[in-house]
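Single-letter residue listing:
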Amino acid sequence: MRARLGLAHSLWTAGRRDEAVQHLQDLLRLNPGDNQGVRYTLAGFLLFLDRNNDLDRLLQQYPDESSAAWAYTKALLAFRQQGDTPETRHALQEARKTNKHVPAYLLVKSSRPTNHPTTTAQGTRAKP
C-alpha cells in the first residue's frame, strides 16, 4: 500500500495526473478505512484538476470526517459549485470551527508558528 501511494506521488510529479488519481482511488477501494490518509492527497489532487464531481463523491465517502482539511475542502467545493450563497457561507463557518487560524494563513495575514507541537490529538490543543 505504501509503495502504491509512493507510485501515485511519483506519477503526479511526472505529470501523469490521471494515473496518479486512479491509483489513489484504487487504494481507497482496497482500504476504505484509509488509515494512510490517502483521501487527503486525493482530495487535493481532485481540487487541482477541477474534478468537482469526483471530489464530491469522495467527500460523501467519509461523512463523519471531522478534520479541518476536510471541512475547508467541503467549503471550497461548495463555493466552486454554488458561488457565494448563505449555504456556502455556512460551510465556511463550519470549517472555521475546526480551525479558526486557516483563513489568516491563506490570506497571508499570519505566519506559521516557528515552534511546532511534538504531538497533537483531535479535539485537543497542541502543546509544544
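In this numbering scheme, every chain counts its residues from 1 along its sequence in written order. Restriction of local features to residues with pLDDT of at least 70 applies here, the model being predicted, together with a cutoff of 80 or more for giving and counting side-chain atom pairs; totals for whole chains, interfaces and linings are based on all residues. To get the side-chain values, take all heavy atoms of the structure and skip hydrogens and water.

1. Quick word on the pattern of salt bridges
Salt bridges are counted wherever a side-chain nitrogen of Lys or Arg sits within 4 Å of a carboxyl oxygen of Asp or Glu. Applying the stated rule across the entire model yields 10 salt bridges. In this structure, the salt-bridge partner of R51 is D54, at a minimum N-O distance of 2.7 Å. Since its relative accessible area comes to 19%, D54 is described here as buried. Between D84 and R89 there is a salt bridge; the shortest N-O distance is 2.7 Å. Whether a residue is buried, partly exposed or exposed follows from its accessible area with a 1.4 Å probe, protein chains only, as a fraction of its type maximum: under 20%, in between, or over 50%, in that order.

2. A closer look at the layout of surface pockets
Cavity: a set of points on a 1 Å grid over the protein atoms alone where a 1.4 Å probe fits but cannot get out. Pocket: an open set with protein on both sides within 12 Å along at least five of seven lines, its lining residues, like those of a cavity, having an atom within 4 Å of a point. Grid points are joined across faces, edges and corners, and a volume is the space filled by probe spheres set on the points. Size it by volume and the second largest pocket reaches roughly 270 Å³. The wall of the second largest pocket is formed by 13 residues, among which Y72, A75, L76, L92 and L106 lie closest to the centre. A run of H or I in DSSP becomes a helix once it reaches four residues, and a run of E becomes a strand once it reaches two; helices and strands are each numbered from the N terminus. For the lining of the second largest pocket, the secondary-structure elements that each account for two or more residues are α5 (68-82), α6 (86-98) and α7 (102-106). No other element matches the seven residues that α5 contributes to the lining of the second largest pocket. Following the grouping adopted for this structure description, the nonpolar residues are Ala, Val, Leu, Ile, Met, Phe, Trp, Tyr, Cys and Pro, the charged ones are Asp, Glu, Lys and Arg, and the polar ones are all others, Gly among them. Among the residues making up the lining of the second largest pocket, the classes are represented as 11 nonpolar, one polar and one charged.

3. Digging into the packing of aromatic side chains
Each pair of aromatic rings taken from Phe, Tyr and Trp, with Trp reduced to its six-membered ring, is defined by centres within 6.5 Å and is described as stacked if the planes are under 30 degrees apart, edge-to-face if over 60, and tilted in the remaining cases. By the definition in use, this model includes four aromatic pairs. Ring geometry for W12 versus F45: centroids 3.8 Å apart, planes at 10°, classification stacked. Of this pair, W12 sits in helix α1 (residues 2-13) while F45 sits in helix α3 (residues 38-48), and the two are 33 residues apart along the sequence. Judged by centre distance (5.8 Å) and plane angle (90°), the ring pair of Y40 and W70 falls under edge-to-face. A residue pair is termed long-range when its members are at least 10 positions apart, and Y40 in helix α3 and W70 in helix α5 qualify at 30 residues. Note on W70: relative accessible area 0%, which makes it buried. Grouping aromatic residues by their ring pairs yields a cluster made of W12, F45 and F48.

4. Some points on helix α4 (residues 52-61)
The complete set of buried residues in α4 reads N52, D54, L55, L58 and L59. Seen along its axis, α4 keeps its buried residues to an arc of 155°; they face one direction. Exposed residues pointing more than 90 degrees away from the buried face of α4 are listed as N53 and Q60. Note on definitions: a residue-residue contact is assigned when non-hydrogen atoms from the two residues lie within 4.5 Å. Summarising the contacts, the buried residues of α4 are in contact with α2 (17-30), α3 and α5. Starting at the helix axis, one direction is taken to each C-beta atom, and the arc is that of these directions.

5. As for the side chain of R39
Tracing the chain through its elements places R39 in helix α3. Owing to a relative accessible area of 11%, R39 belongs among the buried residues under this scheme. N or O atoms closer than or at 3.5 Å make up a polar contact, with two conditions inside protein: a donor-capable atom paired with an acceptor-capable one, and, for residues adjacent in sequence, both atoms drawn from side chains. Side-chain polar atoms of R39 contact the side chain of Y40, separated by 3.4 Å. Setting aside its immediate chain neighbours within four residues, R39 contacts L28, G33, D34, L58, Y62, E65 and W70.

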